[in-house]
Amino acid sequence: LVVNLPRKTVVSLRGISTYEQWSVIVENFGNSRFEIRPLPEPAQRSPITDISAIDINQDGDTDLISIGNDYSIEPIEGQIDGGVGMILLGNGKGDFSAVSPKQSGLLMNGDAKKMVVLNWTSGKLICATQNKGELRCFSMLNEQ
């Protein structure tokens with residue numbers, strides 16, 4: 001779950017106040033108790049419109065793939081287009097580190113809206129829709 005909420009806050013579902021907007025991970029501890037941790041700084045550069053949780057590097061820890069941007073902003077403000085997609089590697093303790101696009105090979109620029117991760121013959125296939133654009137797909141090959 002990625003939402004915009006205050007930084008480093010534990011909240012109850014009964015009331016949430018926000019003063020800063022961040023893309024965050026919300027960890028559920030049960031009994032309506034959640035811990036909110038911001039994603040790394042590179043993930044704050046553009047809006048996240050979709051995110052998938054999978055083990056990208058096959059280390060047993062959950063990793064994240066995100067896409068974003070928003071071209072629907074009023075012309076006077078300009079489009080929010082700094083995102084190129086992002087891979088965030090998890091350490092198994094709820095913390096994530098960003099992998100550069102050059103290192104990951106992931107490039108999902110454009111007005112990306114929705115993403116699916118599909119099982120493919122030699123690994124996973126990541127496909128993302130682009131508003132008024134083409135479907136973009138990238139393969140993650142299983143390393144043996």
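All values derive from a computational prediction rather than experimental measurement. (Residues numbered from 1 in each chain as written. Predicted model: local features only at pLDDT ≥ 70, side-chain atom pairs only at ≥ 80, totals over all residues. Heavy atoms only, no water.)

Peer 1: Describe the confidence of the model for the protein, with residues and values.
Peer 2: With 83% of its residues at a pLDDT of 70 or more, the protein shows a mean pLDDT of 81. Confidence, expressed as mean pLDDT per element, reaches its minimum in the protein at strand β1 (residues 2–4) with 48 and its maximum at strand β8 (residues 96–99) with 95. Low pLDDT, under 50, characterises residues 1–9; the stretch is placed with 34 contacts to residues that sit more than four places away or in other chains. (pLDDT = per-residue confidence, 0-100. Helix = DSSP H or I, 4+ residues; strand = E, 2+ residues; numbered from the N terminus. Contact = heavy atoms within 4.5 Å.)

Peer 1: Tell me about the sheet that holds strand β5 (residues 48–54), residues and numbers included.
Peer 2: The sheet built from four strands is open, its strands ordered β5-β6-β7-β8 with antiparallel pairing. Each having just a single partner strand, β5 and β8 make up the two edges of the open sheet. Between one strand and the next, the sheet's axes are offset by a mean angle of 25°, whatever the strand orientation. In terms of strand pairing, strand β6 (residues 63–68) meets strand β7 (residues 86–90) through three bridges, oriented antiparallel. The residue bridging Ser-66 from the neighbouring strand is Met-86, located in β7. (Pairing = 2+ DSSP bridges. Axes fitted to C-alpha atoms, helices over the stretch in contact; angles between N-to-C directions.)

Peer 1: Describe the side chain of Ser-66, and please don't skip the residues or the numbers.
Peer 2: By secondary structure assignment, the location of Ser-66 is in strand β6. Assessed through its relative accessible area of 5%, Ser-66 is described here as buried. Apart from residues no more than four positions distant in its own chain, Ser-66 is found in contact with Ile-48, Asp-50, Ile-51, Gly-85, Met-86 and Met-115. (Buried < 20%, exposed > 50% of the residue type's maximum accessible area, 1.4 Å probe, protein only.)

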